[in-house]
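Geometric and topological summary
As a plain string of letters, each chain reads:
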Amino acid sequence: MTQSGSHDAGGDAACGETPGGPTLPGDRIAGRVDWEAVRQDYLHSGLPQAHIARSHGVSKQTLRSRKQACGWERVVPLERPPNRPAPAGDGLGLPPTPTELRRGRIVKRLYNLLEAKMTEIETRMADAAGRPLSAAEAERDTRSLNALARLYAKLAELDARRRSARPKPRRRTTGRTALMRTGSAETLRAALRGSGPETIERFLSTLSPSELTALHYDFEIWARDDQLPPASSGDGASWTTWLMLGGRGAGKTRAGAEWVRAHARALPEARIALIGETLADARTVMVEGVSGLLAVHPPGARPLFEPSKRQVTWPCGAVAHLFSAEDPESLRGPQFTAAWSDELCKWRRPQETWDMLQFGLRLGEAPRQVVTTTPRPVPLIKALLSDARTVVTRVTTSANAANLAPSFLEAIVGRYRGTRLGRQELDAELLEDREDSLWPRALIERHRVSVAPELSRVVVAVDPPASSGARADACGIVVAGRAVAWPGQDARAYVLGDETVEGARPLDWARAVVAAYRRFEADRIVVEVNQGGELVETVLHQVDASVPVRPVRASRGKVLRAEPVAALYERGLVSHVGMLPALEDEMCDFGLDGLSGGEQSRPGRRARLGSDGSMSVERGRAARRAL
């Protein structure tokens, strides 16, 4: 091996036209390359040609031509750098998973494609040596080479960071089982995001059908950062509950389903609880929904769903069971390694259901749970937010705009953006009561009961809409009862249920009224006839001619009618039975000037924001009528 000084002099003498060597065809589009720096790296860095070429924005072919023309010979022996991703355990001290191995192969293919693209540009330039390139062509090729070189260097940096990550010991039920973006996923995600459409198209054409399917269902690559749980809590400790507060359509269900999928895939003996507001919600949203458990699995790897058993079984042996928040006692007995609770703020018996679930989370070394919900200031949510073992993610509807219908973004997001309702339902803000609210939330909570006593009278109050259809008013249907009054005591009232329906035709809301009358064994139906008159009674009797209907006509404004009812709450004479989230949200937003933004801003008045959270003027009127 010749000494460094003689090589430096020999190189300059042999390449006397420029400090780095003779003018070659590649210089037309790489005129800004510091060839002296390239030469020094080649002689003294010990890095391979591919790494040196991409770090200086040139192709391997150009570097090879320069080396041969100048007679460069290395001084420092070649050392293999971490320039290409290799299958590894993502720096966690564990053998690679099949998913990580597949990602490594895909990234390697993309690396080759990037190198080929760089070589293609250099070859095109070299073939045109006799024809001077135009300024536009030179600028275009220079930009392309620089972009490819930057992406190549970025991928090498990510891969080197992953390889040098400090090994961390990990329990069986944490780490990969808690869905997180591993190093292999981060590298492939960066490669895809940094590549242009043409490169992506050529890259995808090289993948087999099975590789395309695997890439499509690899959530760690496509997920937003807010759809993946934090690695640890605020103080660096391991978390127990991941609370995801999100707006409508923000991707909460997809995040919850993918978290469960990752847990089942990593832990064959997993036993998972899926808790929805009702069993129907757990099935139609959490399991069979467009973002539910079945949909997030590749066709050949989907678990078996047995509705009669309320059970989801994975081929690896993991099992999930469906539960209803309406039946907390059903959680007494089973035990779980993980749980997914959806729309917790809508549960009628949240604290009881939550308590029973916590007793069941006792399998494995570190049981965990995820909660996906649109926020409401209910006591359980506040308790979770103050728990040091809870990690919180807030996701707005706009974050998922690319996957939402343009009509939804225009009609709903555009209309309610900035309003109090929009801040809660779209921006996932946890809002407290209005300062002038006639029904503070604390007042309702103070007198809430889980079961009503013996009632002497039950009525179904109805405030019917004047029209039907998606843009029509809601039909407010509220059920209330009066307890037996003991001597010397005032009779207490109990709000039993909120059966309000949205966008229903007359016969449909009439059926809902009659169904509530029968289910609650009511004594009478009280209906406001300011809109519709005798026609309202006629529609109800078409459904069931035997139901007793008492028509009433409002003669005073809604605020004047609301104040006496609010006084009953203040005296502690009204209790809500269980949780009535939508009704209570509207009541807490009702002040001396009515609802925030006026009646016309309510979803039930103008548009349907969602059947699971709609809040209408008609609902409030029906509640006041029931009391």
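Described in the following lines is the structure provided in the data block. All chains use their own residue numbering, which begins from 1 and follows the written sequence. Predicted model: local features are reported for residues with pLDDT of at least 70 only, side-chain atom pairs are reported and counted for 80 or more only, and whole-chain, interface and lining totals are derived from all residues. For the side-chain quantities, the full set of heavy atoms in the structure was used; hydrogens and water were omitted.

Considerations on the sheet that holds strand β3 (residues 304-306)
The eight strands lie next to each other as β3-β4-β5-β2-β6-β7-β1-β8, forming an open sheet whose pairing is mixed. The two strands at the open ends of the sheet, each matched to only one other strand, are β3 and β8 (390-395). Strand-to-strand twist of the sheet, defined as the mean angle between neighbouring strand axes without regard to direction, takes the value 15°. Two strands make a pair as long as DSSP finds a minimum of two bridges between them. Per the convention used, a helix needs a DSSP run of H or I reaching at least four residues, while a strand needs a run of E reaching at least two, with both numbered from the N terminus. When strand β1 (residues 241-246) meets β8, the two strands line up parallel, connected through six bridges. Pairing of Gly 246 across the sheet is with Val 395, part of β8. Residue contacts are counted whenever heavy atoms from the two residues lie within 4.5 Å of one another. As a rule, the C-alpha atoms of each element are fitted with a line to give its axis, helices using only the stretch in contact, and angles between N-to-C directions run from 0 to 180 degrees. On the sheet, helix α11 (residues 252-266) packs against β1, β2 (271-276), β6 (338-342) and β7 (368-373) and is oriented at approximately 170° with respect to β6. Along the sheet, helix α13 (residues 350-360) contacts β1, β2, β6 and β7; its crossing angle with β7, the most-contacted strand, is approximately 155°.

With respect to the packing of helix α18 (residues 506-519) against helix α19 (residues 534-543)
Remark: α18 packs on α19, axes separated minimally by 9 Å, with the N-to-C direction vectors making an angle of 70°. On the basis of their axis angle, the class for α18 and α19 is roughly perpendicular. Judged by the sense of rotation from one axis to the other, the crossing of α18 with α19 is right-handed. Here α18 contributes Pro 506, Leu 507, Trp 509, Ala 510, Arg 511, Val 513 and Val 514 to the contact with α19, which in turn contributes Val 536, Val 539, Leu 540, Gln 542 and Val 543. Grouping the amino acids of the contact of α18 with α19 by side-chain chemistry returns ten nonpolar, one polar and one charged. Angles below 35 degrees are treated as roughly parallel, those above 145 as roughly antiparallel, those between 65 and 115 as roughly perpendicular, and all remaining angles as oblique. Crossings are assigned a handedness: left-handed for a near helix turned anticlockwise from the far helix by less than a right angle, right-handed for a clockwise turn. As a working rule, the residues Ala, Val, Leu, Ile, Met, Phe, Trp, Tyr, Cys and Pro are called nonpolar, Asp, Glu, Lys and Arg charged, and the rest polar, with Gly in that last group.

A few points about the environment of Gln 358
Considering the arrangement of structural elements, one finds Gln 358 in helix α13. Using a 1.4 Å probe on the protein chains alone, a residue whose accessible area is under 20% of its type maximum counts as buried, one over 50% counts as exposed, and one in between counts as partly exposed. The class of Gln 358 is partly exposed, set by a relative accessible area of 29%. Residues Gln 358 and Arg 368 lie ten residues apart in sequence; the distance between their C-alpha atoms is 9.9 Å.

Some words on the environment of Arg 261
When you line up the elements, Arg 261 lands in helix α11. Beyond its immediate chain neighbours, meaning those up to four positions away, Arg 261 contacts Tyr 217, Leu 293, Val 296, His 297 and Pro 298. Definition of a polar contact: a pair of N or O atoms within 3.5 Å, with one able to donate and the other able to accept a hydrogen when the atoms are protein atoms, and with sequence-neighbouring residues admitted only if both atoms are side-chain atoms. At a separation of 2.8 Å, a polar atom in the side chain of Arg 261 contacts the main-chain carbonyl oxygen of Tyr 217.

Here we look at the pattern of salt bridges
One speaks of a salt bridge when a side-chain nitrogen belonging to Lys or Arg is within 4 Å of a carboxyl oxygen belonging to Asp or Glu. Counted under the stated rule, the structure contains 18 salt bridges. In this structure, Glu 277 and Lys 346 form a salt bridge, with 3.0 Å as the shortest nitrogen-oxygen distance. Within this pair, whereas Glu 277 is found in the loop between β2 and α12 (279-287), its partner Lys 346 is found in the loop between β6 and α13, the two being separated by 69 residues in sequence. Summarising the burial analysis for this pair, Glu 277 and Lys 346 share the class buried. In this structure, Arg 519 and Glu 499 form a salt bridge, with 2.7 Å as the shortest nitrogen-oxygen distance. Taken together, the positions of Arg 519 in helix α18 and Glu 499 in the loop between β11 (493-498) and α18 put the pair 20 residues apart, joining distant regions of the chain.

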